[in-house]
There are 2 protein chains.
Amino acid sequence: MKNKILNIISSSAEYISGEEISNKYGVSRTAIWKHINALKQEGYQIESFPRKGYKLIQRPDILLENEVLTNLNTSKWGKEKFYFLNEVDSTNNYAKKLASEGKPEGTVIVAEEQSAGKGRLSRKWISAKGKGIWTSFILRPNILPNFAAQITLVMAVGMIKALEKNLGVSAKIKWPNDILINDLKVCGILTEMSAEIDRINYVIVGIGLNVNQSNDDFPDEIQDSATSLKICLGKEIKRVQMLQVILEEIEKVYNLYLEKGFSEILDEWKNNSCTLGQEVIVKMPKEIIEGMAIDIDSGGCLIVKDKENIIHKIIAGDVLVRKK
Amino acid sequence: MKNKILNIISSSAEYISGEEISNKYGVSRTAIWKHINALKQEGYQIESFPRKGYKLIQRPDILLENEVLTNLNTSKWGKEKFYFLNEVDSTNNYAKKLASEGKPEGTVIVAEEQSAGKGRLSRKWISAKGKGIWTSFILRPNILPNFAAQITLVMAVGMIKALEKNLGVSAKIKWPNDILINDLKVCGILTEMSAEIDRINYVIVGIGLNVNQSNDDFPDEIQDSATSLKICLGKEIKRVQMLQVILEEIEKVYNLYLEKGFSEILDEWKNNSCTLGQEVIVKMPKEIIEGMAIDIDSGGCLIVKDKENIIHKIIAGDVLVRKK
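By the naming in an unreviewed UniProt entry, chain A is Bifunctional ligase/repressor BirA, taken from Desulfonispora thiosulfatigenes DSM 11270. UniProt annotates chain A under Sequence similarities (unreviewed entry) with the comment "Belongs to the biotin--protein ligase family."

Following this line, the structure appears as structure tokens:
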């Protein structure tokens, strides 16, 4: 009923009287008043005047189901199941629970704030309240676990397209899972899976996108390496619209991947990579490799050629691009 | 206290009086009586005579913590954490929950009965009450997810050794995850993992071993393909002792794997395989491959050479050995 009331007042530029709503849906004036209050609590600015009724002044830029699903142009993503959380430890953890309960591909979880946001290798991801897009998706691709690394690359291509389309921003991919603007990290992708040896149960993709942070919003230790869309563009960005474009673009590229395979996406990935063709230093658990990042293979591994022309195939590790 | 009472009565061949227990531990006679009754409920045969006291007649062959941990010769496995369940949907599912809560490597879950025991590819595994060993282990190996298939092979080698050591039975491994005696399936291994792209969060190994079933205990559709240790040996097998040897042998081979790597274990695997050197038919999701199973590679894949001498590397699929 709350959504119906929101729909009726948002579809009119004029005041809608409580009586009109009451007649249309057969609910009491008191019930309407309660739902309106609940909407105000969520962040909707609604004016109410005695005898005139209610008018929607402004929708909130909060990633509420109402907001994200209105005019969302996807076939499944977000529409399948959508979970909005005010706060959560980590959207990936929450998604894993839902996935193990059987929630379908295309399920989207978003949170306004993460108390324990995660990056790769159990690192922390700072996820301040209302400043970014902290979201996770449940996927159930019919691929072998060995190819799960491809999913991270597919998602990165989707993010690049979304940023380009919605904001005209040209971002770059740093292997394997970061999106950079002006060499600074604006987005991280964390892919996790539950699998048997030869079958994926589910894949969780977590995306953390810095949107409306100022420099001061970042802790000291990452101020030199992190950025936000607001810092890059010099203006506040509407998160609802950004998330909608992300869901649309990522769904498109993911479906293309499932239909046509990895090679097409890999080409796009390479075109947008800031790692390939660079001198890199790769810190691995047991060794450090220095050389030229020359390619990505079909499994998503980075191929590095060192000074002795030895080829290294890297699946794990931190890559530092050597400044020229 | 229950365990202390069990210890004191099991350490004596004579009757132990309630008074003696009461004095030793400072508990009331009523409390002792309650604990004794609880032990009887669990399956311990305890005689009690007025004025003489209590005497342990027989320990149950139930996979209770008391029973399994008594004289268990492992360093971690089972001792780390041990969960005994009368019934569970699937020990692997239960283990996954515990692992996601952070339970350590070496945690063992056993159930007397599984209502939804699982085989590979979501197939059912029949797990009748008290007839088999239905168990799962939590592992946290520091290996890449791409090598997780090795774990199944390591576990299979451990099972072969345990059957040989405890019963003198010579069993064979059918790639990738079945243990056969006389060409009939006696044990299945189901390996699942939770992982990031380049890091394993945890691995769950589930083992289902048919122990004391008669032929009639198996459903019609598997009577031709399944067997139990009792059927093979013509006598009841003590499950507690069998599980102890399994934990001991599997811990040994797993630790060897972590220390020395996969190659040594792979040799043992090959020596005990009934798949290698055979004409096989491999049913894969999209094709059927017929040829000779010639090797296993370092990732645990089966290598099959077909009639055109084309080499196929098989990670998934059902393997049928062609009868000669």
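Read on, since the account is not over.
Before going further, it helps to examine the interface of chain B and chain A. Where the parts come together, the accessible area they lose is often given as the size of the interface. Tallying the contact residues gives 24 residues for chain B and 24 residues for chain A. Around 2100 Å² of area is buried between chain B and chain A when both sides are counted, 54% of it from carbon and sulfur atoms. Sorting the residues of chain B by area buried against chain A places Glu196, Ile197 and Ile315 of chain B first, and these three jointly supply 30% of that buried surface. Across the chain B-chain A interface, the total number found is 0 salt bridges. Applying the counting criterion to the chain B and chain A interface returns 4 residue pairs in polar contact (both at pLDDT 80 or more). Elements with a contribution of two residues or more to the side of chain B that touches chain A: α6 (148–167), β8 (184–196) and β9 (199–210) of chain B. With 7 residues, the top contributor of residues to the side of chain B that touches chain A is β8 of chain B. Of the residues that constitute the side of chain B that touches chain A, the class distribution is 11 nonpolar, 7 polar and 6 charged. As paired strands, strand β8 (residues 184–196) of chain A and β8 of chain B are joined by 5 bridges and run antiparallel to one another. Along β8 of chain B, the bridge assignment pairs methionine 193 of chain A with alanine 195 of chain B.

Bringing the relation of the copies chain B and chain A into the picture now. Here the second copy of the chain follows from the first by a rotation about an axis and a shift along it. In screw terms, the move from chain B to chain A is a rotation of 180° and a rise of 0.0 Å along the axis, fitting with an RMSD of 0.0 Å. In short, the pair behaves as if placed about a two-fold rotation axis. Closest approach to the rotation axis within chain B is made by the C-alpha atom of serine 194 of chain B, at a distance of 2.2 Å. Of all interface residues in chain B, 100% are interface residues in chain A too; the two copies therefore contact each other through one and the same surface.

Okay, unusual backbone geometry next. Residue and element names in this part refer to chain A. In this chain, tryptophan 175 is followed by proline 176 through a cis amide linkage whose omega measures -5°. The phi torsion at arginine 51 lies on the positive side, around 70°, for a residue other than glycine. Here arginine 51 shows up in the loop between β1 (45–49) and β2 (53–58).

Let us now look at the packing of aromatic side chains. Within this structure, the stated rule accounts for 10 aromatic pairs over all chains. If you follow lysine 52 of chain A out to its NZ or CZ, it ends over the ring of phenylalanine 49 of chain A, 5.1 Å from the centre.

Quick look at the packing of helix α6 (residues 148–167) of chain A against helix α9 (residues 262–271) of chain A now. Residues and elements named next belong to chain A. Where α6 meets α9, the closest approach of the two axes is 9 Å, and the angle between their N-to-C directions is 55°. Here α6 lies oblique to α9, going by the angle between them. Taken as a pair, α6 and α9 cross one another with a handedness that is left-handed. Facing Gln150, Leu153, Val154, Ala156, Val157 and Lys161 of α6, the residues of α9 in contact are Phe262, Ile265, Leu266, Glu268 and Trp269. Here the residues of the contact of α6 with α9 are counted per class, giving 8 nonpolar, 1 polar and 2 charged.

All names here are of chain A. Mapped onto the present numbering, the UniProt feature "binding site: biotin" (unreviewed entry) falls on Ser90, Thr91, Asn92, Gln114 and Lys185. Structurally, serine 90 is set in the loop between β3 (82–88) and α5 (91–100). Taking relative accessible area as the criterion, serine 90 reaches 1% and is therefore assigned buried. Discounting chain neighbours no more than four positions away, the residues touching serine 90 are Gln114, Ala116, Gly117 and Lys118. A distance of 3.0 Å separates a polar side-chain atom of serine 90 from the backbone nitrogen of asparagine 93. On the secondary structure map, lysine 185 appears in strand β8. Residue lysine 185 is classed as partly exposed on the basis of its relative accessible area of 29%. Residue contacts for lysine 185: discarding those within four places in its chain leaves Trp125, Asp178, Ile179, Leu180, Asn210, Ser225, Ala226 and Thr227. A distance of 3.5 Å separates a polar atom in the side chain of lysine 185 from a polar atom in the side chain of aspartate 178.

Residues that lie three or four places apart on an α-helix share one face, since the helix turns once every 3.6 residues. Residue and element names in this part refer to chain B. Buried within helix α2 (residues 18–25) are the following residues: Gly18, Ile21 and Ser22. For α2, the buried positions fall inside an angular range of 100° around the axis, keeping them on one side. Exposed residues lying more than 90 degrees from the buried face of α2 are Asn23 and Lys24. In this fold, the buried residues of α2 make contact with α1 (2–10), α3 (29–42) and β2 (53–58).

Against the buried residues of helix α2 (residues 18–25) of chain A lie α1 (2–10), α3 (29–42) and β2 of chain A. Looking one or two residues beyond α2 of chain A, the residue adopting positive phi is glycine 26 of chain A, at roughly 65°.

Before going further, it helps to examine the sheet that holds strand β11 (residues 288–296) of chain B. All names here are of chain B. Spatial strand order, β13-β12-β11-β10-β14: 5 strands in an open sheet with antiparallel pairing. Strands with a single pairing partner mark the edges of an open sheet, and in this sheet they are β13 (311–314) and β14 (318–321). Between one strand axis and the next, the sheet turns by 45° as a mean value, whatever way the strands run. One ladder, built from 4 bridges, connects strand β10 (residues 279–283) with β14; its direction is antiparallel.

All names here are of chain A. Strand order across the open sheet formed by 5 strands is β13-β12-β11-β10-β14, with antiparallel pairing between neighbours. Both outer strands of the open sheet, β13 (311–314) and β14 (318–321), are each paired with one neighbouring strand and no more. The mean inter-strand angle of the sheet, taken between neighbouring strand axes irrespective of direction, is 45°.

Here we take up the pattern of salt bridges. A complete count under the given rule lists 30 salt bridges over all chains for this structure. A salt bridge links glutamate 112 of chain A to arginine 239 of chain A; the shortest N-O distance between them is 3.0 Å. Residue glutamate 112 of chain A is found in strand β4 (residues 108–114), and its partner arginine 239 of chain A is found in helix α8 (residues 239–260); the two are separated by 127 residues along the sequence. Between aspartate 217 of chain B and lysine 131 of chain B there is a salt bridge, with its nearest N and O atoms 3.6 Å apart.

Moving on: the state of the cysteines. Think of a disulfide as a covalent bridge from one cysteine sulfur atom to another cysteine sulfur atom. For the structure shown, the criterion picks out 0 disulfides over all chains. You can see cysteine 232 of chain A has no disulfide; the closest cysteine sulfur is in cysteine 187 of chain A, sitting 12 Å from it.

Cut-offs and rules
- Residues numbered from 1 in each chain as written.
- Chains lettered and ligands numbered in written order.
- Predicted model: local features only at pLDDT ≥ 70, side-chain atom pairs only at ≥ 80, totals over all residues.
- Heavy atoms only, no water.
- UniProt positions renumbered as here; feature names shortened; annotations may be inferred.
- Contact = heavy atoms within 4.5 Å.
- Buried area = accessible area lost by both parts, 1.4 Å probe.
- Salt bridge = Lys/Arg side-chain N within 4 Å of Asp/Glu carboxyl O.
- Polar contact = N/O pair within 3.5 Å; in protein donor to acceptor, adjacent residues only side chain to side chain.
- Helix = DSSP H or I, 4+ residues; strand = E, 2+ residues; numbered from the N terminus.
- Nonpolar A, V, L, I, M, F, W, Y, C, P; charged D, E, K, R; others polar.
- Pairing = 2+ DSSP bridges.
- Least-squares fit on C-alpha atoms with pLDDT ≥ 70 in both.
- Phe/Tyr/Trp six-rings, centres within 6.5 Å; stacked < 30°, edge-to-face > 60°.
- Lys NZ or Arg CZ within 6 Å of the ring centre and 35° of its normal.
- Axes fitted to C-alpha atoms, helices over the stretch in contact; angles between N-to-C directions.
- Parallel < 35°, antiparallel > 145°, perpendicular 65-115°, else oblique.
- Left-handed = near helix turned anticlockwise from the far one by under 90°.
- Buried < 20%, exposed > 50% of the residue type's maximum accessible area, 1.4 Å probe, protein only.
- Arc of directions from axis to C-beta.
- Disulfide = S-S within 2.5 Å.

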